[in-house]
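Residue-level structure breakdown
If you want the building blocks of each chain, they are given just below.
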Amino acid sequence: MIESIAVIFSITYVILAAKQNIWCWAFAAISVLLYIYICFSAQLFAETGLQVFYLIMAAYGYYSWKKPQEPLMVNQWKTSSHLLIVLFGGILAFMLGFYFATYTNAEIPIVDSFTTVFSIIATYMVTQKILENWLYWIIIDTVSIYLYLHRDLQLTALLFAIYTIIAIIGYFSWLKKIKANV
């Protein structure tokens, strides 16, 4: 039951984020509170920490999108920035995964750490309305499907399949916004 409610709030969050609706952050906060419990119970410790981060980012995202002085426009980062992100994110994910593999009873720690590290990066990108966040999410969500199926969380795996589709739609929606602003 908790997983079903979390899925509904999570889907609503991503749809509203793709539409650049500020209420997405309220739905995000509710869903992550539920997922903190779900992930901890499933021994996905990196994902549990990620959910705590998401809660903080929900507040920060609301603040960033609400700034009355200047509306936040969809923007892009340079390719060199993304290369650095992938390099450092990959190293950090491996190190975190190694830690969890060595010192905890975490399930599939490298995969768990990969999705966690890159989700932190992509979430920050959403709060700043960086177009490429959606490309990161497509990869993260696809890997997360495997992660959650491995832990017998079928509804959450389905959620991430839906996220993947929404991320593709979000990318093209935000790309259209950039082209309209040129």
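This text goes with the structure placed above it.
It should be emphasised that the depicted structure is a prediction, and the values quoted were computed from it without experimental measurement.

What about empty space enclosed by the protein?
On inspection of all chains with the given rule, the structure shows one cavity of 30 Å³ or more. Computed from the structure, the largest cavity encloses a volume of approximately 360 Å³. Of all the elements in the fold, those that place two or more residues in the lining of the largest cavity are α1 (2-18), α2 (24-41), α3 (45-66), α5 (109-127), α6 (133-150) and α7 (154-181). Per-element accounting of the lining of the largest cavity gives the leading share, six residues, to α3.

Notes on the side chain of Thr116
Turning to its location among the elements, Thr116 is positioned in helix α5. A relative accessible area of 5% means that Thr116 is categorised as buried. Among all residues touching Thr116, those that are not within four sequence positions of it are Ala46, Glu47 and Leu50.

Observations regarding unusual backbone geometry
Most peptide bonds adopt trans geometry, and most residues besides glycine take a negative phi value. Here Ile108, not a glycine, exhibits a phi torsion of approximately 30 degrees, which is positive. With respect to the helices and strands, Ile108 occurs in the loop between α4 (79-103) and α5. Here Lys129, not a glycine, exhibits a phi torsion of approximately 55 degrees, which is positive.

Focus on the packing of aromatic side chains
Applying the stated criterion across every chain yields a total of 13 aromatic pairs. Ring plane angle 55 degrees and centroid distance 5.9 Å describe the contact between Phe40 and Phe45, whose orientation is recorded as tilted. On the accessibility criterion, Phe40 (52% relative accessible area) is exposed. For Phe45, a relative accessible area of 22% corresponds to the partly exposed category. Taking the centre distance of 6.5 Å and the plane angle of 15 degrees together, the rings of Tyr60 and Tyr124 count as stacked. In this pair, Tyr60 is assigned in helix α3 and Tyr124 in helix α5, connecting sequence segments 64 residues apart. What makes Tyr124 partly exposed here is its relative accessible area of 36%. Each member of the aromatic cluster is reached from another via a ring pair, and the members are Tyr13, Trp25 and Trp65.

Definitions and limits used
Residues numbered from 1 in each chain as written. Predicted model: local features only at pLDDT ≥ 70, side-chain atom pairs only at ≥ 80, totals over all residues. Heavy atoms only, no water. 1 Å grid on protein atoms, 1.4 Å probe; cavity = no way out; pocket = protein on both sides within 12 Å on 5 of 7 lines; lining within 4 Å. Points joined across faces, edges and corners; volume = space filled by probe spheres on them. Helix = DSSP H or I, 4+ residues; strand = E, 2+ residues; numbered from the N terminus. Buried < 20%, exposed > 50% of the residue type's maximum accessible area, 1.4 Å probe, protein only. Contact = heavy atoms within 4.5 Å. Phe/Tyr/Trp six-rings, centres within 6.5 Å; stacked < 30°, edge-to-face > 60°.

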